[in-house]
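Listed here are the chains, written in short residue letters.
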Protein chains: 2
Amino acid sequence: MKIAVDAMGGDFAPGAVIEGLAMAVTDFPHCEFALVGHQDKVAFYLEKYGLAGHPRIELVHAETVCEMSDPSAISLRAKRNSSITVCARLLKEKTVDAMVTPGHTGATVAATKVLVRNLPGIDRAALAANMPSQKGRFLLIDAGATPDCAPRNLVEFAIMGDVYAQYLFGIPNPRIGLLSVGGEDVKGCELTKAAFKLLERAPINFIGNVEADTVFEGVTDVLICDGFTGNVLLKGAEGLAKSTVYWLKKMLTKNAMRLIGATLAHNAFRELKAIGAADSIGGAPLLGINGICIIGHGGSTPTAVRNAIRVAAECVEFKLNNRIIAKHNQLLEALGNDLYVSGK
Amino acid sequence: MKIAVDAMGGDFAPGAVIEGLAMAVTDFPHCEFALVGHQDKVAFYLEKYGLAGHPRIELVHAETVCEMSDPSAISLRAKRNSSITVCARLLKEKTVDAMVTPGHTGATVAATKVLVRNLPGIDRAALAANMPSQKGRFLLIDAGATPDCAPRNLVEFAIMGDVYAQYLFGIPNPRIGLLSVGGEDVKGCELTKAAFKLLERAPINFIGNVEADTVFEGVTDVLICDGFTGNVLLKGAEGLAKSTVYWLKKMLTKNAMRLIGATLAHNAFRELKAIGAADSIGGAPLLGINGICIIGHGGSTPTAVRNAIRVAAECVEFKLNNRIIAKHNQLLEALGNDLYVSGK
C-alpha cells in the first residue's frame, strides 16, 4: 500500500508533516509513502527526522504550494504543479492508494473533482467532518465540498456516511439523521423535504430530522446536510468555541479570586479545549471520489498528520470505496429512478 | 398606542407574561394593552399582580393555546382561536399597533403570514435574532421564518436589517454581511452568489461575504442568510453553548482542586451563561409583515417579556415599517427589475 503525503499543506508545513510522516513510517511498516513537496524545502526536515533516503519513502517534487489564501478554482488552473494537484494526479494514476493533505480543503476538492473524478454512480463528493458530542463523536456530512445539493446528493451522502461510520465507530447500523429546522417531516426546506422521502426508503438506519440544537447531545452518529449549511454549522461551532474561550478568559481575569479559581481548575479548561481539536482524529475523508483522500486541519500537529495517515491506510484496508459502491447498488435497488427526483 | 400581549405563550405562561406586563404597565405609561389568553387562566395572575380591571388593559379571550409541540401549519387551521391567532387578528384589524408573544415562532410566522400579510413590496418575512459577539451584538436575519429563499429575499432581509439595526444599535450605517462559505465572491452557493451581486448595488453598507467562524468576533452588525441556514446557525450555537456547559461541569467536578477552583470562579460562569440568554433583549422582531410583531424566547422571564413589550413600543415610535418601505423604494430605484433575478 502506498500513500501520497502533501508535505506543503497546513500552517506548520513542511516540518509538522514530515515529523508526522516519521511517526507513520515507524508505526505502519506495511505502508509506503510518496512525499510530495518542493525538494529543497523538504530536504532539511527529512534529514532532521532521519528519513533521508528511506527505502519506503519516494520523494515527488512539486514546484508550488496552494496558499490558504488562494481561491480554490485559481489554485487548480494557475498551480498545476502545486503539491495538492500532484498528489491528486498520483491518486488518479493509481500510483498511490490514498492521499493525505493537511491543507487547503477547497483546492483539494477542486483538484480531486477534475483529476480523480467520482465513484461510479456518485454524483457529488462530500467532506465528513468529525464533531464532538456529549456522548462521543458524530460525522457532519457534507462539511463544505458541495454547497449546492439536489435531494439525491443528500441520499448519497447518507450512504457514504453509513459506510464510513461503520468503519470509524465500529458499529453495524449507524444512526443517520437529516439536519433540518423542525422535528416533523412537514418542516424543513424544499431540499430536505424531498430528501426525507428518499431517505426513508434507503437501506440505512434513518432516524429522521434532527435539529441543530440537539446534535451536540449525541442524538445521531451521522448528520446529513448540504455543504453550505454543513460548512456554516462547522465554522460557526469553531467560531463560537473560540469566542467562548475569549469570554471565559475575560471573565476569569476580572478579579483575584476568580484568577485563583481559574488557576486551580486550569486542567479542566485544557481538557475542554481538547474536545474541539482532537489530534487523534487526524482528518476528514473526502467521500465519493475514486480514491481515498484524507484532509487534515490546517493547524495539524505531527500527531494529527500521523493519524490522518493511519485513517487513510485503514480506509484502504476497509475497502471503503468498494463498500460505498455496493451500498449504492442497494440504494438503486430500493429507489430506482426515484433517486433522481428533482428538488431545490 | 396599543400592544397585544399573548398571555399563553412560553414555558412559564401565563404567570411570567402577566408579571412582565405588570412591569410594562408601570414603565410605559403611554401604552395600552390587549392581554390575549384564556380568561379563566389569566384571572388569578391579573389579581396577583394587581392588574385586575386596570384601565389600560383590555382582556381578550382566546379559547386555545398553541403548544410548542404543535406543528405550525396545524396550529393555524385547527386552532383558529389560539392566543397567537387572536393576537395576529387584532394586528390585522389594526385594533393594536403591535403584538408580543414569547411563544411558538412557527405558529406566529404562519398566523401573521396568512392574517397580517407582508409590507408592500416585501416578498417574505424574516426573523431577526439578536446574537452575542466579542464586540457586542449582531443581528442574524433570517433566523427561521423563510427556509427557502430567492436572491431578492436576502436583499430585502438586508434592507430590513439595515433599518432595524439603525434603531437597535443606534448607528447610522450598520455593516451588513452576507453569510457564506468563503471570503471571495466566487465562493458560496448559487443563492449567495446571485444575492452578492445585488447587495453590492443596494443602498446599504454591504461589507461582502462573512464566514461563520468570524461572526462571533463581531465583524458585522447584520448577518444575512436564508432561514434554513440561519436557524441551523442559531440552534447550533444554542446547542453548542449548552453542551459546553455540560462539558465544563463534568471537567470541573473531576477532583477536589478543580471543584474549589470552580467555586471561587463561580461568578465568571454565571456571567458567561448570561451572554447567551440576555433578558435585556426581550425578543426578535418578525420583519416584513404589515405590523410590528416581537417574538420572545420560549423561556422568557418577566423581565424578558417587559423588554419585548418595550421593543415593540419603540418599533412603533421609530415608525419601523414606514422606514422599511422607504428603504425598499430606494432599493427599487437602485436595482429596478434586476431585484427579481432568479436563482436557487
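What this report covers is the structure whose coordinates are included nearby.

Parameters at a glance
Residues numbered from 1 in each chain as written. Chains lettered and ligands numbered in written order. Predicted model: local features only at pLDDT ≥ 70, side-chain atom pairs only at ≥ 80, totals over all residues. Heavy atoms only, no water. Least-squares fit on C-alpha atoms with pLDDT ≥ 70 in both. Phe/Tyr/Trp six-rings, centres within 6.5 Å; stacked < 30°, edge-to-face > 60°. Helix = DSSP H or I, 4+ residues; strand = E, 2+ residues; numbered from the N terminus. Buried < 20%, exposed > 50% of the residue type's maximum accessible area, 1.4 Å probe, protein only. Lys NZ or Arg CZ within 6 Å of the ring centre and 35° of its normal. Pairing = 2+ DSSP bridges. Right-handed = clockwise from strand over helix to strand, strands pointing away. Contact = heavy atoms within 4.5 Å. Buried area = accessible area lost by both parts, 1.4 Å probe. Salt bridge = Lys/Arg side-chain N within 4 Å of Asp/Glu carboxyl O. Polar contact = N/O pair within 3.5 Å; in protein donor to acceptor, adjacent residues only side chain to side chain. Axes fitted to C-alpha atoms, helices over the stretch in contact; angles between N-to-C directions. Parallel < 35°, antiparallel > 145°, perpendicular 65-115°, else oblique. Left-handed = near helix turned anticlockwise from the far one by under 90°. Nonpolar A, V, L, I, M, F, W, Y, C, P; charged D, E, K, R; others polar.

**Structural notes on the relation of the copies chain A and chain B**
Alright, step 1. Between chain A and chain B, the superposition needs a rotation of 180° and an axial shift of 0.0 Å, giving an RMSD of 0.0 Å. Here the transformation between the copies is reduced to the relation of a two-fold axis. Within chain A, Gly261(A) has its C-alpha nearest the rotation axis, a separation of 1.8 Å.

**As for the packing of aromatic side chains**
Alright, step 1. Enumeration according to the criterion identifies 11 aromatic pairs over all chains in this entry.
Alright, step 2. Ring centres of Phe269(A) and Phe269(B) lie 6.5 Å apart, and the angle between their planes is 40°; this geometry places the pair in the tilted category. Of this pair, Phe269(A) sits in helix α10 (residues 266-276) while Phe269(B) sits in helix α10 (residues 266-276), which puts the two residues in different chains. Each member of the pair, Phe269(A) as well as Phe269(B), is classed as buried.
Alright, step 3. With a centroid separation of 5.3 Å and 75° between ring planes, the pair formed by Phe196(B) and Phe206(B) is classed as edge-to-face. Of the two residues, Phe196(B) sits in helix α7 (residues 190-201) while Phe206(B) sits in strand β8 (residues 205-211), which places them 10 residues apart along the sequence. Taken as a pair, Phe196(B) and Phe206(B) share a single burial class, namely buried.
Alright, step 4. Sitting above the plane of the Phe318(B) ring, Arg323(B) keeps its charged end 3.9 Å from the centroid.

**A short note on the pairing of strand β3 (residues 57-61) of chain A**
Residues and elements named next belong to chain A.
Alright, step 1. As paired elements, strand β2 (residues 32-37) and β3 share 5 bridges and run parallel to each other. Paired with Ala34 across the two strands is Glu58, which belongs to β3.
Alright, step 2. In this fold, β2 hands off to helix α2 (residues 39-48), which returns the chain to β3; that crossover is right-handed.

**Remarks on the interface of chain A and chain B**
Alright, step 1. Between chain A and chain B, the residue contacts involve 54 residues of the former and 54 residues of the latter.
Alright, step 2. Taken together, both faces of the contact between chain A and chain B bury some 5100 Å²; the carbon and sulfur share is 70%.
Alright, step 3. Close ionic contact of Glu271(A) with Arg258(B) constitutes a salt bridge, the shortest N to O distance being 2.7 Å.
Alright, step 4. One can count 12 residue pairs in polar contact (both at pLDDT 80 or more) joining chain A with chain B.
Alright, step 5. Elements with a minimum of two residues in the side of chain A that touches chain B: β5 (126-133), β7 (175-180), α7 (190-199), α8 (227-252), α9 (256-264) and α10 of chain A.

**Here's the deal with helix α4 (residues 83-92) of chain B**
Residues and elements named next belong to chain B.
Alright, step 1. The buried fraction of α4 is high, at 8 of 10 residues.
Alright, step 2. Within α4, the full set of buried residues consists of Ser83, Ile84, Thr85, Val86, Cys87, Ala88, Leu90 and Leu91.
Alright, step 3. Looking one or two residues past α4, Lys94 carries a phi angle of roughly 60°, positive in sign.

**Considerations on the sheet that holds β2(A)**
Alright, step 1. What the 11 strands build is an open sheet, ordered β3-β2-β1-β4-β11-β10-β5-β6-β9-β7-β8 (chain A); its pairing is mixed. Single-partner strands in this sheet number two, and they are β3 and β8 (205-211) of chain A. On average, each strand axis in the sheet is tilted by 25° relative to the strand beside it, whichever way the strands run.
Alright, step 2. Taken together, the 3 bridges between strand β6 (residues 136-141) of chain A and strand β9 (residues 222-224) of chain A define a ladder with parallel strand orientation. Bridge assignment links Leu140(A) to a residue of β9(A), and that residue is Leu223(A).
Alright, step 3. The strands touched by helix α11 (residues 302-317) of chain A within the sheet are β1 (2-6), β2, β4 (98-101) and β11 (292-295) of chain A, with β11(A) carrying the most contacts at an inclination of about 160°.
Alright, step 4. Packed on one face of the sheet, helix α8 (residues 227-252) of chain B meets β5, β7 and β8 of chain A and runs near 125° to β7(A).

**Here's the deal with the pattern of salt bridges**
Alright, step 1. By the definition in use, this model includes 22 salt bridges over all chains.
Alright, step 2. Asp27(A) is paired through a salt bridge with Arg306(A); the nearest N and O atoms lie 2.8 Å apart. Placement of Asp27(A) in helix α1 (residues 15-27) and of Arg306(A) in helix α11 is noted, with a sequence separation of 279 residues between them.
Alright, step 3. Note on Arg306(A): relative accessible area 17%, which makes it buried.
Alright, step 4. Overlapping salt bridges, with partners in common, bring together Lys254(A), Arg258(A) and Glu271(B) in one network.

**Here's the deal with the side chain of His104(B)**
Residues and elements named next belong to chain B.
Alright, step 1. By the element assignment, His104 lies in the loop between β4 (98-101) and α5 (105-115).
Alright, step 2. Under the relative-accessibility criterion, His104 is labelled buried at 6%.
Alright, step 3. Reaching out from His104, the side chain makes a polar contact with the backbone nitrogen of Gly106 at a distance of 3.3 Å.
Alright, step 4. Among the polar contacts listed, one links the side chain of His104 to the backbone nitrogen of Ala107, at a separation of 2.8 Å.

**With respect to the sheet that holds strand β2 (residues 32-37) of chain B**
Residues and elements named next belong to chain B.
Alright, step 1. Taken in spatial order, the 11 strands line up as β3-β2-β1-β4-β11-β10-β5-β6-β9-β7-β8 in an open sheet, and their pairing is mixed. This sheet does not close on itself; its edge strands, each paired only once, are β3 (57-61) and β8. On average, adjacent strands in this sheet sit at an angle of 25° to one another, irrespective of strand direction.
Alright, step 2. Looking at chain direction, β4 and strand β11 (residues 292-295) are connected through 4 bridges and run parallel. The partner of Val100 across the bridge, within β11, is Ile294.

**Brief notes about the pairing of β2(B)**
Residues and elements named next belong to chain B.
Alright, step 1. Across the 6 residues of β2, 5 count as buried, placing the element largely inside the fold.
Alright, step 2. Pairing of strand β1 (residues 2-6) with β2 involves 5 bridges; the strand directions are parallel. The residue of β2 that forms the bridge with Ile3 is Phe33.
Alright, step 3. Once you follow β1 into helix α1 (residues 15-27) and on to β2, the crossover reads as right-handed.

**Overview of the packing of α1(A) against α11(A)**
Residues and elements named next belong to chain A.
Alright, step 1. Interhelical geometry of α1 versus α11 gives an angle of 50° and a closest axis separation of 7 Å. On the basis of their axis angle, the class for α1 and α11 is oblique. Crossing of α1 over α11 shows right-handed handedness. Only Pro302, Thr303, Val305, Arg306 and Ile309 of α11 make contact with α1, whose side of the interface consists of Ala16, Val17, Glu19, Gly20, Leu21, Met23, Ala24 and Asp27.
Alright, step 2. The residue inventory of the contact of α1 with α11, partitioned by class, reads 8 nonpolar, 2 polar and 3 charged.

Everything listed here is a matter of coordinates, which is why it stays silent on function.
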